[in-house]
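For reference, the chains in residue letters:
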Amino acid sequence: MNPRRPDLLAAGAATVTVVLWASAFVSIRSAGTEYSPGALALGRLLAGVLTLGAICVVRREGLPARAAWPGILISGILWFGFYMVALNWGEQQVDAGTAALVVNIGPILIALLGARILGDALPPRLLAGMAVSFAGAVAVGLSMSGEGRSSVLGVVLCLLAAVAYAGGVVAQKPALASASALQVTTYGCLVGAVVCLPFAGQLVHEAADAPVSATLNMVYLGVFPTALAFTTWAYALARTTAGRMGATTYAVPALVVLMSWLALGEVPGLLTLAGGVLCLAGVAVSRSRAAAAGPRPAKATESA
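Residues numbered from 1 in each chain as written. Predicted model: local features only at pLDDT ≥ 70, side-chain atom pairs only at ≥ 80, totals over all residues. Heavy atoms only, no water.

So, the packing of helix 2 (residues 37–59) against helix 3 (residues 69–90)
And step 1. Contact geometry for helix 2 and helix 3: axes closest at 8 Å, N-to-C directions at 140°. When the axis of helix 2 is compared with that of helix 3, the two are oblique. In the packing of helix 2 onto helix 3, the handedness of the crossing is right-handed. Note on element contacts: helix 3 touches helix 2 through Phe80, Met84, Val85, Asn88 and Trp89, opposite Pro37, Gly38, Leu40, Ala41, Arg44 and Leu45.
And step 2. When grouped by side-chain class, the residues that make up the contact of helix 2 with helix 3 number eight nonpolar, two polar and one charged. (Axes fitted to C-alpha atoms, helices over the stretch in contact; angles between N-to-C directions. Helix = DSSP H or I, 4+ residues; strand = E, 2+ residues; numbered from the N terminus. Parallel < 35°, antiparallel > 145°, perpendicular 65-115°, else oblique. Left-handed = near helix turned anticlockwise from the far one by under 90°. Contact = heavy atoms within 4.5 Å. Nonpolar A, V, L, I, M, F, W, Y, C, P; charged D, E, K, R; others polar.)

If you want it as structure tokens, here you go:
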């Protein structure tokens with residue numbers, strides 16, 4: 001077997017994740033006009049649980065090991081549950097530039113928490129790349145804001161979403177040492193759906209009045225950006241550090257610009273394009289490795 005095959009598979013999984021998370025932008029814009037933040041989060045999670053549950057039945061996946069449950073529960077509550085509601089709500093209260101500024105501190109928090117809690121290294125290239133990507137993400141957000149609007153509530157919600165995202169990722173990482181990516185994602189999604197059950201009444205009421213297109217977009221969010229993308233994320237996370245995976249998500253704003261151009265006809269301006277280039281450049285820097293002083297070792301290096 002090619003010794004680099006596991007690295008390539010992990011890199012491919014990370015790529016699938018960022019592409020699908022970027023694609024969620026268009027669907028959220030459609031579904032978010034018809035569904036309230038909590039109802040949209042619950043509907044998305046229920047679609048994800050049903051998809052993941054069916055896959056688990058086909059693959060005959062059992063329950064995760066006991067050691068994995070603390071991480072699954074914490075990530076399910078913080079990332080799958082609280083984060084999705086807070087982000088949906090927060091982005092209705094602030095303009096895109098403010099949301100980009102606040103929410104995109106998430107990967108930085110992941111790197112810092114990973115170093116503190118998991119003992120991950122913080123190489124200079126990772127920090128430099130994240131700084132470049134963060135600047136690019138803010139540039140993209142500011143350029144796509146339109147008429148600026150913000151509120152203290154919206155800023156707080158976006159900040160809480162970023163903290164919950166970071167905490168969920170760092171909690172998920174140890175769980176992957178004793179459970180598969182599919183198990184961790186399936187039961188984390190289930191925990192998140194349970195957390196969002198108080199919004200069930202809103203979901204039923206709004207689904208009755210929502211157009212089919214909005215509901216289909218909500219289902220899409222559950223099947224692809226949630227069930228598939230969170231599983232490929234977990235697969236890649238199990239094979240690298242939390243900080244490097246967090247830095248990889250800075251490719252999402254650049255892909256959002258491209259997809260908005262293709263799907264919505266929103267032609268990006270120069271600032272938007274420059275921000276997208278910065279995002280991708282920062283990801284490239286953060287995932288690169290310093291050249292070794294001596295001969296390269298035969299052992300394959302970690303990737304993704």
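Thoughts on the pattern of salt bridges
And step 1. Enumeration according to the criterion identifies one salt bridge in this entry.
And step 2. Across the salt bridge formed by Glu61 and Arg59, the nearest N and O atoms sit 3.6 Å from each other.
And step 3. Judged by its relative accessible area of 23%, Glu61 falls in the partly exposed class. (Salt bridge = Lys/Arg side-chain N within 4 Å of Asp/Glu carboxyl O. Buried < 20%, exposed > 50% of the residue type's maximum accessible area, 1.4 Å probe, protein only.)

Details of unusual backbone geometry
And step 1. Positive phi is not limited to glycine here, since Arg60 has a value of about 55°.
And step 2. Here Arg60 lies in the loop between helix 2 and helix 3.

So, the packing of aromatic side chains
And step 1. Under the criterion given, the structure shown has 11 aromatic pairs.
And step 2. Pairing Trp69 with Tyr187 gives two aromatic rings, centres 5.4 Å apart and planes at 65°, and the pair type is edge-to-face. Of this pair, Trp69 sits in helix 3 while Tyr187 sits in helix 8 (residues 181–195), placing them 118 residues apart in sequence.
And step 3. Take Trp69: its relative accessible area is 26%, and that puts it in the partly exposed class.
And step 4. Between Trp79 and Phe80, the ring centres sit 6.0 Å apart and the planes meet at 50°, which makes this aromatic pair tilted.
And step 5. Phe80 sits in the buried class, given a relative accessible area of 0%.
And step 6. Three or more aromatic residues joined by ring pairs make a cluster, and in this case those are Trp21, Trp79, Phe80, Tyr83, Tyr165, Phe230 and Trp233.
And step 7. Of note, Arg239 hangs over the ring of Tyr235, and the distance from its end group to the ring centre comes to 3.7 Å. (Phe/Tyr/Trp six-rings, centres within 6.5 Å; stacked < 30°, edge-to-face > 60°. Lys NZ or Arg CZ within 6 Å of the ring centre and 35° of its normal.)

A look at the environment of Leu271
And step 1. With respect to the element layout, Leu271 can be found in helix 13 (residues 270–287).
And step 2. In sequence terms Leu271 and Val140 are 131 residues apart; their C-alpha atoms lie 7.0 Å from each other.
And step 3. With residues up to four places along the chain from it excluded, the contact list for Leu271 reads Ala139 and Ser143.

Regarding the side chain of Thr232
And step 1. Among the secondary structure elements, Thr232 is positioned in helix 10 (residues 212–237).
And step 2. Among the residues examined, Thr232 registers a relative accessible area of 13% and is labelled buried.

Some points on the state of the cysteines
And step 1. Here the structure, examined in full by the defined rule, presents zero disulfides.
And step 2. In this structure Cys189 is a free cysteine whose sulfur lies 9.5 Å from that of Cys196, the closest cysteine sulfur available.
And step 3. On the basis of relative accessibility, which here comes to 0%, the residue Cys189 falls in the buried class. (Disulfide = S-S within 2.5 Å.)

A short note on the layout of surface pockets
And step 1. Reported here for the second largest pocket is a volume of approximately 290 Å³.
And step 2. Along the wall of the second largest pocket there are 20 residues; nearest its centre are Ala181, Leu182, Thr231, Thr232 and Tyr235.
And step 3. Listed by contribution, the elements that provide at least two residues to the lining of the second largest pocket are helix 2, helix 8 and helix 10.
And step 4. Considering only residue class, the lining of the second largest pocket consists of 13 nonpolar, four polar and three charged. (1 Å grid on protein atoms, 1.4 Å probe; cavity = no way out; pocket = protein on both sides within 12 Å on 5 of 7 lines; lining within 4 Å. Points joined across faces, edges and corners; volume = space filled by probe spheres on them.)

Comments concerning the confidence of the model for the protein chain
And step 1. Per-residue pLDDT for the protein chain has a mean of 87; in total, 89% of the residues score no lower than 70.
And step 2. Taken element by element, the predicted model of the protein chain shows its lowest mean pLDDT in helix 4 (residues 96–103) (70) and its highest in helix 8 (98).
And step 3. Every residue in residues 291–304 is under pLDDT 50, and counting partners more than four places away or in other chains gives 28 contacts. (pLDDT = per-residue confidence, 0-100.)

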